[in-house]
Amino acid sequence: MAANALARAPEDTQTFPVLYYEDLSLGAHATLMRTVMEADLARFAEISGDTNPIHLCERYAQATRFGQRIAHGMFTASLISAILGTRLPGPGAVYLSQSLQFLAPVRIGDVVCATVEIVELVPERRRARLFCEARVDNRPVLEGEAWVAVPSRARR
């Protein structure tokens with residue numbers, strides 16, 4: 001997708017389907033896959049200010065228990081945020097909270113498969129609780145849960 005298209009995406013309701021609370025169901029899930037590239041770590045460090053050398057300096061990282069550079073944990077977690085904001089529930093959902101456990105390192109070149117699944121719906125507050133995980137080569141590297149507020153079709 002071109003940079004111009006990305007800049008327009010938030011205003012273009014045709015880009016992402018809008019799901020309302022009434023559209024959600026237990027077990028609904030969405031997935032996003034991303035290959036971690038060296039440039040991703042550099043950009044994430046610049047944006048976040050997290051310039052820990054374990055992410056950016058090969059010589060430093062070789063002396064750690066990981067033996068090489070690893071991705072920022074929050075870079076991996078940001079894939080969960082991307083799913084929540086664009087796919088499930090998607091545009092209009094408000095991220096309320098997130099718990100995370102980092103289970104294994106993610107390295108440059110890894111293909112991360114992030115998934116969220118609706119595990120609880122609270123109709124009176126239009127809230128959804130989602131199980132969140134990220135896997136590399138089918139092994140979990142991150143898991144947790146998120147709560148989101150979802151707009152109602154009745155309140156449009």
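Attention here is on the structure that accompanies the text. Bear in mind that the values here come from a model prediction, so they are computed numbers and not experimental data.

About the thresholds
- Every residue gets a number counted from 1 within its own chain, in the order that chain's sequence is written.
- Given that this is a predicted model, residues contribute local features only at a pLDDT of at least 70 and side-chain atom pairs are listed and counted only at 80 or more, while totals for whole chains, interfaces and linings are drawn from all residues.
- In computing side-chain values, all of the structure's heavy atoms are included and hydrogens and water are not.
- At least two bridges found by DSSP between two strands are what make those strands a pair.
- Under the DSSP-based scheme used, a helix requires at least four consecutive residues in state H or I and a strand at least two consecutive residues in state E, with every element numbered from the N terminus.
- Lines fitted to the C-alpha atoms define the axes, with helices restricted to the stretch that makes contact. Angles between their N-to-C directions range from 0 to 180 degrees.
- Put simply, the grid is 1 Å and covers the protein atoms alone, a cavity is a trapped set of points that fit a 1.4 Å probe, a pocket is an open set with protein on both sides within 12 Å along at least five of seven lines, and lining residues have an atom within 4 Å of a point.
- Grid points are joined across faces, edges and corners, and a volume is the space filled by probe spheres set on the points.
- For this classification, Asp, Glu, Lys and Arg are treated as charged, while Ala, Val, Leu, Ile, Met, Phe, Trp, Tyr, Cys and Pro are nonpolar and the rest, including Gly, are polar.
- Each residue is placed in one exposure class: buried if its accessible area under a 1.4 Å probe, protein chains only, is under 20% of its type's maximum, exposed if it is over 50%, and partly exposed if it falls in between.
- Arc, as used here, means the arc of the directions from the helix axis to the C-beta atoms.
- Should any heavy atoms of two residues lie within 4.5 Å, those residues are counted as being in contact.

## Side note on the sheet that holds strand S5 (residues 139-149)
As a general point, the strands of a sheet are linked pairwise by backbone hydrogen bonds and lie either parallel or antiparallel.
Part 1 of the reasoning: Across the sheet, which stays open at both edges, the five strands sit in the order S1-S3-S4-S5-S2 with antiparallel pairing between neighbours. Whereas interior strands pair on both sides, the edge strands pair on one side only; in this sheet they are strand S1 (29-35) and strand S2 (94-102). Averaged over all pairs of adjacent strands, the angle between strand axes in this sheet comes to 20°, irrespective of strand direction.
Part 2 of the reasoning: Examined bridge by bridge, strand S4 (residues 127-136) and S5 share 10 bridges and lie antiparallel to one another. Residue pairing across strands places Phe 131 opposite Glu 145, the latter belonging to S5.

## Remarks on the layout of surface pockets
Part 1 of the reasoning: Empty space within the second largest pocket amounts to approximately 270 Å³.
Part 2 of the reasoning: Leu 32, Arg 34, Asp 40, Arg 43, Phe 44, Ile 47, Phe 75, Ser 78, Leu 79 and Ala 82 together form the lining of the second largest pocket.
Part 3 of the reasoning: Taken together, the elements giving at least two residues each to the lining of the second largest pocket come down to S1, helix H2 (38-48) and helix H5 (73-86).
Part 4 of the reasoning: Looking at side-chain class alone, the lining of the second largest pocket contains six nonpolar, one polar and three charged residues.

## Quick look at H2
Part 1 of the reasoning: All buried positions along H2 are accounted for by Asp 40, Leu 41, Phe 44 and Ala 45. Looking straight down H2, one finds that the buried residues subtend no more than 130° of arc, so they occupy a single side. In H2, the exposed positions angled more than 90 degrees off the buried face are occupied by Glu 46 and Ile 47.
Part 2 of the reasoning: In this fold, the buried residues of H2 make contact with S1, helix H3 (53-56) and H5.
Part 3 of the reasoning: Two residues or fewer past H2, Gly 49 is found with a positive phi of approximately 85°.

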